[in-house]
Structure formats: structure tokens, C-alpha cells
Amino acid sequence: MKRSGFQTMSPYVYPFYTMLHPKDGFQEMKMNHKDSVPVTILLVAAYIVVDILYRIFVDFDLNGYNAEKVSAPRVAVTLVAVFFIVTAANWCFCTLLDGKGKFREICYVAACAILPMILMNLIVIILSRFLTIDESVIITYPAIVVKCWSLLLFAVGLSEIHDYSGKKTVFSLILTVVGIVAILFLGMITVMLFRQLYYFIVSVIFEIKYS
Amino acid sequence: MKRFIAALLGCVILASLWNPAVAQASQPDRPYTYDEENQAVPSVNAYQVKEIVDVTSLGGVGFTSAQDLFVDAQDQVYVLDSGKGRVIWLDENFDLVKIIDTFTWNGEALTLAAGAKGIFYQEATGRLYIADTNNDRIVICDRDGAVLQVFGKPESALLEEGVDYKPTKIIVNNLGTMYILSQNVNTGALRIDKDNNFTGFYGINAIKETWEVKMEFMWRQFLTDEQNRQSEYSFQPTALNNLYWSDDRFIYAVSPTNDTVETPVVKLNAVGDNVLEADEVFFGDLAANEVGNSETEVVPVFSDITADQEGVFTVLDSASGKLYQYDDSCNLLAVFGGLGTQRGLFDLPVAIENNSRNEILVLDSKKNTITVMEQTYYGQMIREAIFLHNDGRYEEALEPWFEVLRMNANYYIAYIGIGKAYMNMGDYEQAQYYFKLGGDEENYSEAKAKLRAENLKENFAAVAAVVVLVMIFIMGYDGIKKYAVLAVGALKKRRKGEKV
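How each quantity is defined
Residues numbered from 1 in each chain as written. Chains lettered and ligands numbered in written order. Predicted model: local features only at pLDDT ≥ 70, side-chain atom pairs only at ≥ 80, totals over all residues. Heavy atoms only, no water. Contact = heavy atoms within 4.5 Å. Buried area = accessible area lost by both parts, 1.4 Å probe. Salt bridge = Lys/Arg side-chain N within 4 Å of Asp/Glu carboxyl O. Polar contact = N/O pair within 3.5 Å; in protein donor to acceptor, adjacent residues only side chain to side chain. Helix = DSSP H or I, 4+ residues; strand = E, 2+ residues; numbered from the N terminus. Nonpolar A, V, L, I, M, F, W, Y, C, P; charged D, E, K, R; others polar. Phe/Tyr/Trp six-rings, centres within 6.5 Å; stacked < 30°, edge-to-face > 60°. Buried < 20%, exposed > 50% of the residue type's maximum accessible area, 1.4 Å probe, protein only. Lys NZ or Arg CZ within 6 Å of the ring centre and 35° of its normal. Core = buried A, V, L, I, M, F, W, Y, C linked by side-chain atoms within 4.5 Å. pLDDT = per-residue confidence, 0-100.

Draft legend 1. Layout of the interface of chain A and chain B. The interface of chain A with chain B comprises 18 residues on the first partner and 23 residues on the second. A per-residue breakdown of the area chain A buries against chain B is headed by A:Phe60, A:Tyr65 and A:Arg74, which together make up 36% of the total. For the interface between chain A and chain B, the tally reads 3 salt bridges. Here B:Arg452 makes a salt bridge to A:Glu135, at a shortest N to O gap of 2.9 Å. Linking chain A with chain B are 9 residue pairs in polar contact (both at pLDDT 80 or more). Looking at the side of chain A that touches chain B, the elements that each hand over two or more residues are helix H4 (60-63), helix H5 (66-69) and helix H6 (72-96) of chain A. Ranked by the residues each element gives to the side of chain A that touches chain B, the list is headed by H6(A), at 3 residues. Split by residue class, the side of chain A that touches chain B holds 7 nonpolar, 4 polar and 7 charged.

Draft legend 2. Region of the structure containing the packing of aromatic side chains. Residue and element names in this part refer to chain B. All chains considered together, the criterion is met by 26 aromatic pairs over all chains. Note on Phe283 and Phe313: the rings are 6.4 Å apart at their centroids and 50° apart in plane angle, and the pair reads as tilted. Remark: Phe313 occurs in strand E22 (residues 313-317) and Phe283 occurs in the loop between strand E20 (265-268) and strand E21 (302-307); sequence separation between them is 30 residues. Phe313 carries the same exposure label as Phe283, and that label is buried. In textbook terms, an aromatic cluster arises when at least three aromatic residues are bridged by ring pairs, as seen for Tyr244, Tyr252, Phe283, Phe313 and Tyr326. The positively charged end of Lys267 is found above the aromatic ring belonging to Phe250, 4.7 Å away from the centroid.

Draft legend 3. The nonpolar core, seen in detail. Residues and elements named next belong to chain B. Membership of the largest hydrophobic core comes to 45 residues, with the highest contact counts inside it found for Val87, Phe103, Ile130, Ile138, Ile170, Met178 and Leu243. When sequence neighbours within four positions are dropped, the list of residues in contact with Ile170 reads Gly118, Ile119, Phe120, Tyr129, Ala131, Ile138, Met178, Tyr179 and Ile180. Listed in part, the 43 residues of the second largest apolar core include Ile386, Leu398, Tyr411 and Ala414.

Draft legend 4. Molecular detail of the confidence of the model for chain B. Residue and element names in this part refer to chain B. Averaged over every residue, the pLDDT of chain B is 83; the share at 70 or more is 89%. In the model, residues 18-28 has pLDDT below 50 throughout and makes 10 contacts with residues more than four positions away in sequence or in other chains. Across residues 288-294, confidence stays below pLDDT 50; counting only partners more than four residues off in sequence or on other chains, it has 17 contacts. This complex was scored by the predictor with a pTM of 0.75 and an ipTM of 0.78.

Structure representation (C-alpha cells):
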């Protein structure tokens, strides 16, 4: 088969093509195994960096005092955790539902879906320096549109890599949300358990020390 | 390598637990104020004890459970000594003038029942109004104890038969119309004219419009009138605790804080509407935020209020024993007092008044003293700055604002005041800086817009050039050329047409 156009694109430019042509892009990715771990990591890292910049550099009137409260490691850990919880939840359910996607493909799709939000956040950072509160709709409404676009990219990508119909994709997305809740719940229980263990040990130490 | 990565990951996770916005702990009874995000922050004392008037030392006339006091325009003080049924009259230096303990009415002696709760003195007529609570009447006398009138429960169909008339607080306007609070009446103050005719209720406490209230209201639309009459409303207005007749002819009223009260502090005009702009404003303490006392839940019970000519009002929260002072835009100026046995703290504060020297008199019913609080230098500066600021004289307010900030950098209203001054002077960059410090997003935005317009005007050529360059970048040189050629061609044709 003759390969041309987007099919011969560099893997680092490929997500930009996918962003605008999700159906073709993700199909090609699935068929020719174009998912690349470096690109996934790069996109997630870019999102973390842009998110931190967003929190710091969006002007005070549209941002409040967030700039002074931002803690970069905390943002990074939170975002990575969210990324892995979402992808893991999707992987858990889609393997059960005859999904053909691998975990690294799910991660790649999720990372590609983030790309519009990265670009939008950059635009917002720049525009916020010039816009007042009254004019802020110029950036807030497109931001909502971009979030929907990202969600759509994620859904289309998943349907391609798992080889799902539209209905099944929606169903799997709902199950993914359920999975996220379950993971968070289990995580919370674990944290509470370890905290109790910690306090138990501390109190035992105090008992020995002061009795 | 793996170990290194694990250590790095561990460091990152540990670092993520560090939160820069740590609440600071500090000792109790330290002055504090609230910042722009409603967090309690340390402050400076705006009031200090000037003297404690212990009436026992004034010729052996101690109060027993005094309930109310009143200060007239000459700063003379009238204390209602409820336990002994008498009025103690002090002059402006808190020296004893007279004890009014014998009341005569039509040649007969009249005694006040123990537990009288309200006193008011009207200077124009020289009349002393006493709410003789347990005798269900209002006693009007002069300062010699000669009783002029005694008013019992007014006759009116609106005042239900079964309800007792127990007047607790009274204020009187210039026409002699009395506004009386009565125990167990939650429909506002009783407005009674000078001949003891009931003319209506005044200043009923608004019920907060929560969704439960709206649901009940909606539900009642489907009931018949008969059913509506039979079932009681589950949301009743809260009874007012106290009234204050201010010199600018507004009536201030306070009530306890609870779930159904719209706002516990109101300033009412002649028809009973609240004129305070109190949205997004809270009165008293935010329970969990008080410095050094973050665990205890404090629900303010406002029991008295006093105000001065500039519209600065002070409310007394009898639950915490604290006094809160606000300007007429409800900005918090000062918090002081509290419960305790030290000087400047109170055991059972029941009434407050202010006098023309901006001193606050606090009557303590258990200590049986009047604590006179005077403004500190810091308090004076805040007062001066706020006064100029509310008057729109921002530039003049600049100096006192900086003085306030020198003493207390936590006072956010000062930053906003300075920002407004710079904005008026046209220094938008400074204005932006100070609005940011004061947490005022809207004014910051306004300053930004003005700065933007100014920059645009100054650098118009550069901006236009950038726009043209962007157009060339988008349309390409050829595209521009095409339009240019077309335009020039059209121009030439028109010229030729004109010549022919």
C-alpha cells in the first residue's frame, strides 16, 4: 500500500493531525502501531507545565489569588494520578468488554485528547493579560467548547482502538466513570487504613515512652 | 538507577503534601480582622479601655443587674438600674448627677418592677421613657422623677388578646412616636403614637429565602384558604433584640443569627426597608476562622447596636462578648472585647452606647460596671480614612490609609482605598498593584482596561503595523497585492469617469 501525507508524518507532529482528523488519525495509529510512549509522556508533561503556567500567569482579575497558592509538585502528582486513574479505569472495563485496545494505546489516545486543552490554555494565558472581567467571555466560552472537543477526541479514539460502535463507546465511557469512582473509593479506604495503622503505632510508641 | 527514580518519586510525593497556605496559629484574645478572603488575620487594637466606671465607688450606689443605658447628645449617661428599680444619671465625665429612685404620679408613689429592660431619653422634651417590662407598661417621666404619663397595652385588633405585652426596648422619634419591642412578638417593633394608639408593626425581620422556604410557599399555593389558616408556617420571623435611634433618623435593629434570619443587623428607613448593602457581608465572627480559636463554633447573638453621625455602627454579640464595628458599607473596622475578667473583657455585656467623643460605653450586668472604650491612634486613623473614602475624597484619604498600613499591613480595605486614590490620579499601574493586594478583582480589571486604552493610544502606529503584518501573514503578499491592485484600479476608473 502506498503511504503518503499524514501517514508518513513524524510522530511528534502526528497528534496535531489527529486533533483535526480524529477518525483517520486514530485508525491509522491503530493499524500501523503509531502510538508512541515518548509522545504520550511529552504531551502529559506539556499539559502539566501549561497547567502550572496557567495557574501562575493568568492575570489576577480572572484568577484570584491562585498564583500565590500554586504548588507545582502537587499539581504534577495530581494530574498524573488523574491521568492514570482514567486510563486504568477504561482499560479495566474495556478488556472485559472485548475491547481490542492495549493500555499504551489508551494512554496515547488520552494524551492526544489533551492537546486542544494545552493549546487553549496557552491562548488563555496570553489573552488574560489584555482582557478585563467583562470581556472574559471571549475566553471562557471557547474554553468550554475546547473541553467538549477533547472529550469527543477521547471518545472517537477509544471507539477506534477498541473497535467499538458508537453506542458501546458511550456505554464504556459511563462504565469508566463508575470505575474511577470505585478506584477513588478503594484508594480512600486504603489511605484511611494506613492512617489508622500509623496512629496506632504512634500511640503504642507513646505508651512505651511515657509509661 | 531504579533506586534513584524511586527516591525522586518519593521526594515529589512528599513535596506535594506541602501546602503553602498554612493557617497560622496564635494566642487567644489577640486583635484580629478578616482579610479579603474572609480569613481571620492578626490586627491592631482599635479600641482600648479608657476607664471603668464602677458606680459602687460613686457614693455607694452600685447597680444591681443594670439592663440598659442611654447617652444623650451632651454625653450624659442614664443607666437603668433594674434590680433596684431606679435610674442613675451621670454627667459627661461619668460623675454622679442624680439618682432618680422615687417616681410620683398624680401625687402617689410609683415603683418600677424589678427587671425593667429599656430606657430612652428625649432631649427636646426632657422626657425619660422607661420600659417597665414586668408591669406591662411604659413609664414616661422627667429627670426629677415626676411621672408624666403611663401607657399600658394599646387597644388594637392586631394585638392578639392572649399575647402578653412585655415592653423590653423603646425608642422614640421626634414626633413622639414610640417604637417598642415586646417579648414574644416576632413581627417587628410595635409603632405606637404619642397618645398610645397602635399604628402598626415596623421592621419585621425578613426570612431568608432558602429553597425550603420557597418550597413551602409553592406548596401553599395548592392548599385552600382554610387549610392555609389551619397549618402554621414552619418558618417564623425571628424577634428583634434591640433598636437604636440614630441621629440621621434611621433606626438600627439587631437580632440573633440563625438559619431563618436574612441579615441580623439592619438599618431601617422611615418605611422599614433595610438600607444597608449587606450582600456578601457577614456580621460577627465566622465560626471556624477566628484566630487562635478555630475549633469552637460561634453563632453571634446580637443584643445591642449603636451608631454615630457618620454611619459607623457597633454591634454587641452577647454570645462571645465581642463588639464589632462597621462603617456604613459594612466594612469591618474593629473587633474588640470578649468574655473574661480582665480589663476590657466583659462578664455579661447587656448594652452599648457611643458618645460624641467616639467612645463606646459597655454596660456589664454582672460586673455592674460601665467600661468606657476609647479609640486608639490606629482606630482614629481607620475612622478618618474610611470617612474620607466614603465621601469620595480618595486622594485626601491616601495619607491616613498609609498610616493604617504602617501599623497593620493586614487591613485589606486600606489597599483598595489607596488603589482608588491612584486610579483617580491616573496612575493605573500603581492602582493595579494595590487593588491586587486588596483582592479587588473588579477595580483591578477597570484599572487594566484604562491602562490598556492609554497604551493603545500612545502606541497606535506600532499596533497598526502589527495588525498589517498579521494580515499579510494570513492573506499572503500576493493576496494583499491583488486587493491593492483592484483598489487602485477602481480609483483610477472613477477619476477618468469624472474627467470625461
